[in-house]
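Geometric and topological summary
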Amino acid sequence: MMSTSNGEARVVQIYQRLSEDAATHCPLQVGAGDTAGAVVSSAVVTLGLDTSRQYSLVEVRTSSDEERRLRFDHLPLERVLLWPPEAQKWHPQSLGYYFALEEAEQKPAEEYDDLCSLPAVTEDAVVEALQRRFLKRKIYTYAGNVLIALNPNKFLPLYYNPKYVKMYENQPLCKLSPHIFAMADLAYRTMLNRKVDQCMVMSGESGSGKTESSSYLVHCLTALSQQTYCSGMERAILGSSPVLQAFGNAKTIANDNSSRFGKFMQLNYLESGVIRGAVIKNYLLEKCRLVHRDKREWNYHVFYYLLAGASKEEREEFSLLAPQDYLYLKQEDLCLDDEEKLMQGYRRLHQAMEMVGFLPSTKKHIFSTLSAILLLGNVTFTLSENNEAVEVGPADILSILSELLKVKKELLVKTLTERRVSKDSDTVFSLYTLQEALAARDSMAKSLYAALFDWIVLHINHAMLNRRDMEESVSCLSIGVLDLFGLENLHTNSFEQLCINYSNEKLQCYMNQQIFTLQQEDYEAEGISWQSFEYSDNSKCIQLIGQGLFNMLDEESTLPQATDEALLDKLVLQFKDNSLLAASVDRESSFAIQHFAGSVTYCIKGFLEKNTDHVRPEVISLLRGSERAFLHHLVASSPEAVFRWGVLRATFHILAVFKSFGRKHAEKMVARRTSRKSLKDMKHTSSHMDRTSSNSCTLDFSFDRSDEHPLDVFEDIFTNFEKRKKTKAGRQKQLIPKNLMNLRSLQHVVGFGPHDHTRKSACRPAAATVCMQFQASLTKLMDTVRKAEPFFIFCLCSNAEKKEFHFDEELLRHQIRYAGILKMVHVQKSGYNAKYTFKEFVKKFGILLPKEATEYTEHITKLFTRLGLDKTTYQIGKSKVFLKETERQFLQDTLNKEVMRHIVVLQRWFRACLMRMHFLQKKDASLIIQRNWREFQEKRSKAASVIQAAWQTSLKRSEKELKTSTKGMSTEGRPTRASSSRKDLRRQYKVEQSPNRTEQADAVNGLPAASRERRGGRGSPPPLTRPLSLPLDPTVHSDDGSGAGDSQKSTSLQRYKDTGEFKEKAERWREKISDESSPEVNRRRDKRKDDFQHKGNSKSADELSKISSSGSDSSPSAREIPTETDSSRYSLPARSSNEDSGQQRSDQSQLTTPEKIWFLSRFLRKWTPKLPTNNETPSQEKSVTLPSYKPHPYKMPEQNSGRLARNPTIKISRATRALQWSCSLDREIKDPKELRNLDEFLGNQMNDLQIRIKELSPTENIFLMATMQFRETIKGMFSVQKPQIGYKDLMKGYQNKVSSLAGPKNKNEVSLVVNLFQSMLDGFIRGEIKKMDSEPAAKTRKKRRKKDKCPDSPLDHRFSTYQVNIMQSCDLCGSYIWGMEKAYMCSACKLICHKKCLNKIITDCSTRCARQDDNVPGALHFGVHVCVLTSKANPVPKVVELLLMYVEMNGLYTEGIYRKSGSACRARELYQIMEMDPEAANLENYPIHTITGLVKRWLRELAEPLMTFSLYSDFLHAVEFPERAERIRAVYQKVDELPLANYNTLERLIFHLVRVASEEDYNKMTPSSLAIVFAPCILRSPDSDDPFLGMKDVGKTTTCVEILISEQFRRYKEKLQNIQQLEYAEALAVNQLKLKRQNTIVEKPSALEIPDQTDSDERTLIERIRSIKQEKLDLACRLPDLEQENSDNEILDSSSSMSTESLDDRLGSLDSESQ
């Protein structure tokens, strides 16, 4: 029972929601003052629940489905009183009102990504936060801009997959979960923005994960730079890390992959962010590990890799043994438990060595040297019987060693047993004692391994060298990655541990200075309020080791009788007053130093020996005498001198080889010349071949002797184009490395740092000691680091036992204390991440300040107050402004909004001014129109009055004359009536207006034929305004005196009896008509021309032939020709002369030669169906006309069935200028094969024209050029899978070409050329229709896609091979992908997997989409994603295809086609139509600029631009490469990563722009101007909030688009040129085949069917013609392709990095192929 304070109490039932075996409920008496906490405590006791857990009381109301959790201070009885009365006394669950007891939810402790966000920064809070994250496998935590990384002792592959690099790219530091990739990206962006070198400094003890962290940093920094494409430089950088880890890392007690050397990798970048090269500097390799180490530790990784992974042949070649058989590897508990892992390491090492440029021979030399080093440890020494000499054995080991080192066995034995001492000019040899011999053997092994390691570093630096650095001085930036030794405190610490810990002291001092000293000094100097933090200063320890211990060690090393014990005594005596150094009490010959991390005890034994460890002179002499040149490089004191000698030796060897091969080649060439002649020889001997090999477009097939040129003539042509058929994959791989070493590059690399110190010092006895070298290199390193801005990464050990995800709290506390992390968090939390000087602040945020802001402090303070910033988040010093990161970001956002507001204001004002200007222009135009209209009305009224007056006067005069004539006739007695006279006048007027009368008048007046033709070119002449036109004296028409009869037949009235006056008036009228200088005459002429064109009248060839002859009608047959077939339609205008006068006019057409007639008649024989013979003789009245073709009537009466006679006088009627297109042009091309047939048909006709006509007239030139360019247009359509191209559209495009080529001077020739081409096109269409009717419907073979982006890319992923350089995990199966292995990665979503896992993908690509259902149309066509508008049937959106096709057909010759804009109203109207149904729009009704404006609008309104947001920064990086070839490759590689819908649409658009740029002479649109127009449409910045970013990137985006257009334009012209060469080769072959069949009449030469009895030459020709046709088709289909063209260098890079086979295997395969 519960007591009540207020006296009122009720019984409350408490139901439990816990375990089933407990009581269901318990009644409790609850008073008015009892809290929920008291009720819960009583219920827990009553129900017998676990009191260690926490519980809560819940009020349940089932009627309203409500549950309310009561806090501990709530009063339950107050809640009961709110229930219904029946539930207040007794409340079972059935009533719906009760209390329930349940276990309280454990409130999850808040996770802190940043330790600066902790409410209280204490050691416990920091440890708890790190532990909480670590147990959730979150190993990274921020402390401001410092990263803390805990080593989980387990690889987390998903943490470092490529998608994480993409995720953290260009993201603020605290936006995503902490990661080492975020730090790398921050350093990279800071370098680019501030143009200052950066350095990534890692600190931590051994086993904390510094080596792996450095690998991740290099991987990410390289990936950020290689977003464009992975070149050889990036692969060399990524391959260097596995090589150095294999040779320089080993398994220790604390770490399975411990670096036993210091490394500083400096990545050099251009200011644009493109990686330029890299340099690696190594420090203090632990050589003593090679010969002795702790029992639980291993030797260097490379030895175990070699022994476990070498093949049987390699084991025999290198004489390898088992690990336990080597003294240097032998251990009691050595157990290679995971040999498979070691074998994989060996394979990865091979791949990495190939990536950095090691040839197979070089790798063999390296592994042979390693085997020799291991065998040196097996050399044993024994004393001779007299104990005076040392004997070496065993003999088999010495033999193998001499074979591996390529030295004599006697010299090897002498080197191992004798010491050589040089004094002055004498050399003294002395025998080693047993101990000295063992030491000499170990020293030789250590020196050889150290020299090998230094040589490998030198070679890697050369592979990462950028050759342009030697030739030009380009300002570069750099990011350094410092991976020094971790602090070590082993069971036995020696000289190496002292040097390692000294470097850690130096590094800790630098970090303290950067984090504490400099930052606090800056705050104090600016006078802001700041609480100083104290930190541990380790400068005294650095001074003790560097200036004390090392100096004393160097002094003792120079003494001849110095010992380690004497050195220890001196140290203890000299530094007895120093608290940091003391003699060890527990161990003998030891001393202890108090480091910043604790006390470390060092064993003095071996200090002097290790400090003076150099390569012995006798060892150098031995290796220099080796037959293997590789060993000379290892021990050479001057690498340059060795290189010079090597070049000299190689030169003599190469000369000898070349001389031998030259003799063999000369013998082969002599034999070849005697067997046949080459094409080159034939060109010199044949004038005909000189014409055929010219670069002109004219082809000459005039030779007619089939035996004149043998088949061998064409071998060179055929061979050239057979090579073009090879695919890119079939190219031979280049086996010579790109970056071959030369003397200059070697000197440049050697100058990077001190290499091979030990071998260089061998010739100088007084060389620097190891201490001096190490201190000098360390000082230089720290100077380099101080010049850069640092980013710190603290690596911490999670436990000392290397357990996976085991958190040792005490060990972590110890590391936090000595690293000063707690104080660092305090400084980072209290400090300010962003600081600006006043000038920098005004320059950056000046828009937010008043215009004339002079008092910086006052105005900045007002700005912060106005923005409402918290005063604790910023401070203003004497010359700087300090801000927290949050406030800095807030200021940046405010700035962006203000800039956008200014931009909107400017746009509004600009639009207003533009509208005002347009309004004023329209107002002025309307006033001018009104004024001119009023003037026109006045003139028209005056003209009407004049006409009326003249007409009335004429009527009166006529009546008067009529009366006079009536009187005269009545006087003469001739009855007549006025009505009959009026009828005669009307009849006479009709006669005057008839065309026949006009022609007769021209003939009578003697108008020359050329003048009539010229007048015909301007359309039909207007009727003369004179009232009557009477013929001249009829005797003119007859030469035989028959004029009387003709005159009687004449019904015309004669007005003039004097023919001379008539001739004079006609001549004056003719001169008036021919006067073209009058504008009014020109206007009337143009109007007549238009009228004539609309009428569509045509004159026959016979009529023109009649007119061109003399005026006599007596002998028409002398000039006429028999009516022929349709071939006369295709004749070009003839060059005629006036035979009567003998004068030739300049404006007359040229004579139609027999060759022209043959060309046209041949064309008609091929394409016109056979017509029945008509034996009737054609009459004079019949003529050969040019009728318009009807859709289906194919047969027409043929007047002459025989072979056409070559008549030189045949002409095309000038009436063909009438542009009346036939109904056959309504046909559409829906089969790509028909396009190809049309192209081949036109090509054959042009070849025939060029063959037969040696000199072309201007009109013929226009026809030829327009047709050739039209063929290029047709070839551009070959790639369309399902074309829907109307012949009318083709004709319009052809007419535009002719108009542009003709220009204003030859404007009159346009209609003639167009009608001639239409006639040819009609013939082709009839042939195609007949072919379709006669042939059965063939099954159309599905055309292979021209570009299969990735055959193994399911669900719209885009996979490509990916070189793994750090261990990763397959996103599908979860298993590891080891370094140097090949995987598949989606370039869009960064999914990575094994090749075998590709079929396991069940999810779509997250960043790419494609509509799978072709039957679901898109509702809208503007403002959506491209993938919504595409499908497998329509890879390009319909609206785009329609617009671009129309522009290509009708607008390529419009000046400023994409520069000018169309009418806004018409554009809006067309937009609304095409938005719903693009095919419903009739584009012919809209101006071309309206259509081009709609193209740009469609691109601008896309939901995501064509070149997607995700690749925006990658494209910008691509254009920043210094070399044009690199920029092109980079841009094309990023284009290849676009989604398939975007790729296809971009490919179509770029090809369209190439077509536009190809007509630059007419439309004035260059590739650069097109790029300026289209770059904002297809490549937009994803960051719309920052206006400065978009403006800053305008130049780069324009350059990127211009690169695409220019490069595609170059490839377009190159492919067209290749097609022309193929056509030339095909024409040669076809002609050769014709000549071989000259005795056989072939009706259809184009049908190249192989006869049954054909010789081998004909069969070879036919096969080659077919192959050339196929190659020509492939080239034409690939005209729009955006595929990247791989160079030989890229093939080498990809083969060396991706191939799993060795270069030896590739050499062998190539040799077999060549054989």
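Residues numbered from 1 in each chain as written. Predicted model: local features only at pLDDT ≥ 70, side-chain atom pairs only at ≥ 80, totals over all residues. Heavy atoms only, no water.

A look at the overall build of the chain
The helix and strand tally for the chain stands at 59 helices and 31 strands. Within the chain, buried positions represent 49% of all 1715 residues. When contacts within the chain are restricted to residue pairs at least 6 apart in sequence, long-range pairs at least 24 apart make up 73% of them. When the accessible surface of the chain is split by element, carbon and sulfur atoms take 52% of a total near 86600 Å². (Helix = DSSP H or I, 4+ residues; strand = E, 2+ residues; numbered from the N terminus. Buried < 20%, exposed > 50% of the residue type's maximum accessible area, 1.4 Å probe, protein only. Contact = heavy atoms within 4.5 Å. Areas by Shrake-Rupley, 256 points an atom, 1.4 Å probe, with all protein chains shown as cover.)

Side note on the confidence of the model for the chain
Taken residue by residue, the chain gives an average pLDDT of 75. The fraction at 70 or more is 72%. Here residues 1072-1081 is a poorly scored stretch, pLDDT under 50, and it has six contacts once near neighbours within four places are set aside; other chains count. Here residues 1642-1653 is modelled with pLDDT under 50, and outside its nearest four sequence neighbours on either side it reaches 12 contacts, counting other chains as well. (pLDDT = per-residue confidence, 0-100.)

What about the sheet that holds strand β8 (residues 198-203)?
Two orientations exist for strands paired in a sheet by backbone hydrogen bonds: parallel and antiparallel. Sheet architecture is open: seven strands sit in the order β6-β7-β21-β8-β17-β11-β12, paired in mixed fashion. Edge positions in the open sheet fall to β6 (140-143) and β12 (275-283), since each of these has one partner strand only. On average, each strand axis in the sheet is inclined to that of its neighbour by 20°, with strand direction left out of account. With eight bridges joining them, strand β11 (residues 262-270) and strand β17 (residues 476-483) adopt antiparallel strand pairing. For Met265, the partnering residue across the bridge sits in β17 and is Val481. Across the sheet, helix α29 (residues 770-786) touches β8, β11, β12 and β17, and the angle it forms with β11 is around 35°. (Pairing = 2+ DSSP bridges. Axes fitted to C-alpha atoms, helices over the stretch in contact; angles between N-to-C directions.)

Description of the pairing of strand β14 (residues 390-393)
When strand β13 (residues 380-383) meets β14, the two strands line up antiparallel, connected through four bridges. Residue pairing for β14: Leu383 is matched across the bridge by Val390. Hairpin connection from β13 to β14: six residues lie between these consecutive antiparallel strands, with Asn387 at a positive phi of about 60°.

Let's talk about the packing of aromatic side chains
By the definition in use, this model includes 43 aromatic pairs. Where Tyr160 meets Phe181, the ring centres are 6.0 Å apart and the plane angle is 75°; that geometry is what we call edge-to-face. Of the two residues, Tyr160 is situated in the loop between β7 (146-151) and α5 (162-167) and Phe181 in helix α6 (residues 180-194); the sequence distance between them amounts to 21 residues. Note on Tyr160: relative accessible area 3%, which makes it buried. Here Trp933 and Phe936 contribute two aromatic rings whose centre-to-centre distance is 5.5 Å and whose plane-to-plane angle is 40°, an arrangement assigned as tilted. Pair noted here: Trp933 and Phe936 are both in helix α34 (residues 885-972), with a separation of three residues, about one helical turn. An aromatic cluster is defined as three or more aromatic residues linked by ring pairs; in this entry it consists of Tyr523, Trp530, Phe533, Tyr832 and Phe882. Lys844 extends its terminal NZ or CZ atom over the ring of Phe845, reaching a point 5.7 Å from the ring centre. One residue, Arg1611, lies across the ring of Tyr1532, its end atom 4.2 Å from the ring centre. (Phe/Tyr/Trp six-rings, centres within 6.5 Å; stacked < 30°, edge-to-face > 60°. Lys NZ or Arg CZ within 6 Å of the ring centre and 35° of its normal.)

Comments concerning the pattern of salt bridges
A side chain with one charge can pair with a side chain of the opposite charge if their charged atoms come near. By the definition in use, this model includes 56 salt bridges. The salt bridge involving Glu123 is made with Arg813; its shortest N-O contact spans 2.9 Å. One end of the pair, Glu123, is in helix α4 (residues 123-135); the other, Arg813, is in helix α30 (residues 809-819), and 690 residues separate them in sequence. Residue class for Arg813 comes out buried when judged on its relative accessible area of 12%. (Salt bridge = Lys/Arg side-chain N within 4 Å of Asp/Glu carboxyl O.)

Observations concerning the sheet that holds strand β2 (residues 25-31)
Spatially, the five strands line up as an open sheet ordered β2-β1-β5-β3-β4, and their pairing is mixed. The open sheet has two edge strands with one neighbour each: β2 and β4 (66-70). Between one strand and the next, the sheet's axes are offset by a mean angle of 35°, whatever the strand orientation. Pairing analysis gives three bridges linking strand β1 (residues 9-16) to strand β5 (residues 97-103), with the strands arranged parallel. Opposite Tyr15, over in β5, you have Ala100 as the bridge partner. In the packing of helix α1 (residues 36-47) onto the sheet, the strands contacted are β1, β2, β3 (55-61), β4 and β5, and the crossing angle to β2 comes to about 145°.

Quick notes on a nonpolar patch on the surface
On the surface, a nonpolar cluster with roughly 480 Å² of combined accessible area is contributed by Trp645, Leu648, Phe652 and Leu655. Along the chain, Leu655 falls in helix α23 (residues 639-675). Residue classification places Leu655 among the exposed positions, given a relative accessible area of 52%. (Patch = residues over 30% accessible without salt bridge, like charges linked within 9 Å, V, L, I, M, F, W, Y side chains within 5 Å.)

A look at helix α44 (residues 1258-1275)
Because an α-helix packs 3.6 residues into every turn, residues spaced three or four apart end up facing the same way. Compared with the 26 Å implied by 1.5 Å per residue over 18 residues, the 26 Å span of α44 between its first and last C-alpha is a close match. Burial runs high along α44: 13 of the 18 residues are buried. (Expected span 1.5 Å × (residues − 1).)

Concerning the side chain of Thr894
If you trace the backbone, Thr894 turns up in helix α34. Setting aside residues up to four positions removed in sequence, Thr894 forms contacts with Leu848 and Leu867.

So, the environment of Leu1553
Assignment of secondary structure puts Leu1553 in helix α52 (residues 1540-1558). Separated by 51 residues in the primary sequence, Leu1553 and Leu1604 place their C-alpha atoms 9.9 Å from one another. Ignoring sequence-local partners within four residues, the contact set of Leu1553 consists of Leu1570, Phe1574 and Ile1605.

Digging into α52
End to end, α52 covers 27 Å across 19 residues, agreeing with the expected 27 Å (1.5 Å per residue, within 8%). Burial of α52 is extensive: 17 of the 19 residues sit out of reach of the surface.

A few points about the nonpolar core
Of all hydrophobic cores here, the largest spans 208 residues; its most connected members are Tyr160, Phe247, Leu370, Tyr449, Phe591, Ile593 and Phe794. Considering every element that reaches this core, the biggest residue donor is helix α15 (residues 434-463), with 14 residues. Not counting residues up to four positions away in its chain, the partners in contact with Ile593 are Leu498, Cys541, Leu544, Ile545, Leu549, Leu580, Leu581, Gly598, Ser599, Val600 and Tyr602. Counting 119 residues, the second-largest nonpolar core is a separate cluster that includes Ala1481, Leu1502, Val1531 and Leu1682. (Core = buried A, V, L, I, M, F, W, Y, C linked by side-chain atoms within 4.5 Å.)

Quick word on the state of the cysteines
The tally for this structure, following the rule as stated, stands at zero disulfides. Cys771 forms no disulfide, and the closest cysteine sulfur to it belongs to Cys499, at a distance of 5.3 Å. Residue classification places Cys771 among the buried residues on the basis of a relative accessible area of 0%. (Disulfide = S-S within 2.5 Å.)

Observations regarding a positive patch on the surface
Where like charges cluster on the molecular surface, the positive patch consists of Lys659, Arg663, Lys664 and Lys668. Inspection of the secondary structure puts Lys668 in helix α23. Its relative accessible area of 60% is what places Lys668 among the exposed residues. (Lys, Arg positive; Asp, Glu negative; His and termini not counted. Charge placed at Lys NZ, Arg CZ, Asp CG, Glu CD.)

Concerning the side chain of Thr1430
Looking at the secondary structure, you find Thr1430 in the loop between β31 (1392-1393) and α47 (1438-1450). Taking relative accessible area as the criterion, Thr1430 reaches 7% and is therefore assigned buried. A distance of 3.3 Å separates a polar side-chain atom of Thr1430 from the backbone oxygen of Cys1427. (Polar contact = N/O pair within 3.5 Å; in protein donor to acceptor, adjacent residues only side chain to side chain.)

Some words on the environment of Leu1420
In this fold, Leu1420 is placed in the loop between β31 and α47. Classification of Leu1420 by relative accessible area gives partly exposed; the value is 38%. Taking C-alpha positions, Leu1420 is 5.9 Å from Met1476, a pair spaced 56 residues apart along the chain. Excluding residues that lie within four positions of it along the chain, Leu1420 makes contacts with Leu1429, Glu1475 and Met1476.

Considerations on the packing of helix α45 (residues 1287-1302) against helix α46 (residues 1310-1334)
For the pair α45 and α46, interaxial distance at closest approach is 10 Å and the crossing angle is 150°. Regarding the angle of α45 to α46, the classification is roughly antiparallel. The chirality of how α45 crosses α46 is right-handed. Touching Tyr1287, Met1291, Tyr1294, Gln1295, Val1298, Ser1299 and Ala1302 of α45 are Val1310, Val1313, Val1314, Phe1317, Gln1318, Leu1321, Phe1324 and Ile1325, all from α46. Of the residues belonging to the contact of α45 with α46, the class tally is 12 nonpolar, three polar and no charged. (Parallel < 35°, antiparallel > 145°, perpendicular 65-115°, else oblique. Left-handed = near helix turned anticlockwise from the far one by under 90°. Nonpolar A, V, L, I, M, F, W, Y, C, P; charged D, E, K, R; others polar.)

A short note on the pairing of β17
β17 sits mainly inside the fold: seven of its eight residues count as buried. Where β8 and β17 come together, four bridges link them in parallel fashion. Each residue of the ladder has a partner; that of Gln198, found in β17, is Ile479.

Structural notes on unusual backbone geometry
Excluding glycine, most residues fall at negative phi; most peptide bonds, likewise, are trans. With an omega of -15°, the peptide bond between Gly393 and Pro394 qualifies as cis. Tracing the backbone shows Pro394 in the loop between β14 and α13 (395-405). Positive phi is not limited to glycine here, since Lys195 has a value of about 55°. Position of Lys195 relative to the elements: it lies in the loop between α6 and β8. Phi at Leu284 is positive, roughly 50°, even though this residue is not glycine. Looking at where Leu284 falls in the secondary structure, it is placed in the loop between β12 and α9 (301-309). Residue classification places Leu284 among the partly exposed positions, given a relative accessible area of 23%.

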